[in-house]
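Understanding the architecture of this molecule
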Amino acid sequence: MPIEVEDAEILSKFQDEKTRNEAFNLLLKKYQQKIYWHIRRMVIDHDDADDLVQDVFIKIWKNLAGFRSDAQLYTWMYRIATNECITFLNKKKQKNNVSLDDMDNTLADTLADSTYFDGDKAQRKLQEALLTLPEKQKLVFNMKYYDDMKYEEISQVLGTSVGALKASFHLAVKKIEAYLLSKD
Amino acid sequence: MKSEMENKDWLNEYMSLKQINPANPFTVPAGYFSDLGDRIVAFKNLDELKNKGSFGDFTVPDNYFEELTGNIQSRIAVEGGLNTTDPEFTVPDGYFDNLQEQIRSRVFVEEALSEPAGQFTVPEGYFDKLSANILDKTVNQGAVKSRGIIRRLYTSTAFKYATAACFALALSGGILLSELTSSVVEHKGTFLHKELSNIPVDDIKSYLQLNVDPSDAQATVASDDASIDDVSLENALQNDVNNAQ
């Protein structure tokens, strides 16, 4: 269960070497699920997400001391997680020697075979539609639809302007709608 | 609230999407999040140890990781060069698959051969004399046998017994021969002895007591003028017997 601790308190404790580990544990308890689900929606497979979430928090541990408070802590962590996911998916494409379109098919197969998917038919169709989107559109949609994040927050994560994000989001939704209607 | 409405109002324009349950359809293994934090902390600690450049008592040479990438790439290039098919140098099919086993077998055999044969030894110089011994038993067999026979005859036990037997026989024969030629034997073979043997001893005693004077024999013989040789005596005695009958 995520705990309710202020980010300022976590950062303060982290600055002190004596309480650094305690701060990191607090950080984990507060954000581990959010970061995990963000990654999971990108890579689909649970085991891949498990590996990536550990890598992300290692990077957070290494770089948290240099975090500047001009951005929100969780958007900063989201950014690290997003970059790790994109790097992972690109490596997977190269490893499997597949094109971008074939990578979407690969993830679709993973979704079809996944043991850890409990959605209904419509939800599965939605995930299939998401896999047809470019990665950035998929990210925007996920953060907006599942995480209820504001465009400003998403802008901090993706480093894209709010206007571009709105356009990207609406484009994504249209494609999804068209996909859902075409498969009825 | 307004922002929240802004976040959700857009769904009204997309009915198909709006009808879909917005709940997270993905699941995780039971208890996954309960120990995720601990696993991440453990992973973090391990990563710190790796980055310190040593792991307890384990260290690496200076600049090891800096040179590691280059070393690996060089190794890949070398092995790639070795793997190129060279039509001049080939090996039989399955050669490398069996090579290890063949080497092991060869090592085992050579070790067994090099071990001193404690159970099987030969006398010193055996192999040096072996050729000569074989020749003696084959090509030179006749000469060797004849020399051997002579020596063996002299030294054999049977020869000794035969010699003793011959000696005993000769001795017995000599004794027997001497007995046969003695006067007693001769006398026993005479006519007088044979005739007297037939007369009972008591009759001879009576006759001698009545008729014979100790001094008569010589006188009798002397009076007849007969020679005292055996033949004459025998004839005289025969005449006496005839007269007495």
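Just so we're clear, the structure is a prediction, and the values are computed from it rather than from any experiment. Position labels on residues start from 1 in each chain and follow its written sequence. Note on labels: chains are lettered from A, ligands numbered from 1, in written order. In keeping with the predicted nature of the model, local features appear solely for residues at pLDDT of at least 70, side-chain atom pairs appear and are counted solely at 80 or more, and the whole-chain, interface and lining totals rest on all residues.

1. Quick look at the overall build of chain B
The condition is simple: Secondary structure is summarised from DSSP: a helix means a run of H or I of at least four residues, a strand means a run of E of at least two, and numbering begins at the N terminus for each. Residue burial is a threshold on neighbouring C-beta atoms within 10 Å of the residue's own C-beta, all placed from the backbone, with 20 or more meaning buried, 12 or fewer meaning exposed, and counts in between meaning partly exposed.
Assigned secondary structure in chain B consists of 13 helices and two strands. The 245 residues of chain B split such that 2% are buried.

2. So, helix H5 (residues 95-114) of chain B
Residues and elements named next belong to chain B. Test applied: One less than the number of residues in a helix, times 1.5 Å, gives the span that helix is expected to have. The angle between axes fitted to the seven-residue stretch ending at a residue and the seven-residue stretch beginning at it gives the bend at that residue.
If you check H5, its first and last C-alpha atoms are 27 Å apart, about what 20 residues at 1.5 Å a residue would give, namely 28 Å. At Glu 101, H5 shows its largest bend, some 25°. When you tally the buried positions in H5, you get zero out of 20 residues, a small fraction of the element.

3. A short note on the interface of chain A and chain B
Condition: What counts as a contact is two residues whose backbone-derived C-beta atoms lie within 7 Å of each other. In this count, Pro and Cys sit with the nonpolar residues alongside Ala, Val, Leu, Ile, Met, Phe, Trp and Tyr, while Asp, Glu, Lys and Arg are called charged and the others, Gly among them, polar.
With 31 residues of chain A at the contact, the number on the chain B side is 24 residues. Of all elements in the fold, only helix H2 (20-43), helix H3 (46-63), helix H6 (121-131), helix H7 (135-145) and helix H9 (162-182) of chain A reach the threshold of two or more residues within the side of chain A that touches chain B. With seven residues, H2(A) is the largest single contributor of residues to the side of chain A that touches chain B. Across the side of chain A that touches chain B, the residue classes break down as 15 nonpolar, eight polar and eight charged.

4. As for the confidence of the model for chain B
The criterion, for reference: Each residue gets a pLDDT score, which is the predictor's confidence in that residue and runs from 0 to 100.
Looking at chain B as a whole, the pLDDT averages 75, with 71% of positions reaching at least 70. Here residues 1-6 of chain B is a poorly scored stretch, pLDDT under 50, and it has one contact once near neighbours within four places are set aside; other chains count.

5. Points about the packing of helix H8 (residues 151-158) of chain A against H9(A)
Residue and element names in this part refer to chain A. Threshold: Axes here refer to lines fitted to C-alpha atoms; in helices the fit is confined to the stretch in contact. Angles between the N-to-C directions go from 0 to 180 degrees. Here is the rule for angles: anything less than 35 degrees is roughly parallel, anything more than 145 is roughly antiparallel, 65 through 115 is roughly perpendicular, and the remaining ranges are oblique.
Put simply, H8 and H9 touch, their axes get as near as 9 Å, and they point 100° apart. Relative to H9, the element H8 is oriented roughly perpendicular. Only Val 162, Leu 165 and Lys 166 of H9 make contact with H8, whose side of the interface consists of Tyr 151, Glu 152, Ile 154, Ser 155 and Leu 158. The residue makeup of the contact of H8 with H9, split by class, is five nonpolar, one polar and two charged.

6. Focus on unusual backbone geometry
Keep in mind that most residues, glycine aside, have a negative phi and that most peptide bonds are trans. Of note in this structure, Asp148(A) is not a glycine but carries a positive phi near 55°. Along the chain, Asp148(A) falls in the loop between H7 and H8. Taking the C-beta count within 10 Å as the criterion, Asp148(A) has 13 such neighbours and is therefore assigned partly exposed. Even without glycine at this site, Asn63(B) takes up a positive phi of about 60°. Turning to its location among the elements, Asn63(B) is positioned in the loop between strand E2 (58-59) and helix H4 (64-83).

7. So, the environment of Met149(A)
Residues and elements named next belong to chain A. Here Met 149 lies in the loop between H7 and H8. Linking Met 149 and Thr 75, residues 74 residues apart in sequence, is a C-alpha distance of 9.7 Å. Not counting chain neighbours up to four residues away, the residues in contact with Met 149 comprise Met 143, Lys 144 and Ile 154.

8. Observations concerning the packing of helix H1 (residues 7-15) of chain A against H2(A)
All names here are of chain A. Definition in use: A clockwise turn of the near helix away from the far one marks a right-handed crossing, whereas an anticlockwise turn of less than a right angle marks a left-handed crossing.
Packing of H1 against H2 leaves a shortest axis separation of 7 Å and a crossing angle of 150°. Relative to H2, the element H1 lies roughly antiparallel. The hand of the H1/H2 crossing is left-handed. Where H1 approaches H2, its residues Ile 10, Lys 13 and Phe 14 are matched on the opposing element by Arg 20, Glu 22, Ala 23, Phe 24, Leu 26 and Leu 27. Across the contact of H1 with H2, the residue classes break down as six nonpolar, no polar and three charged.

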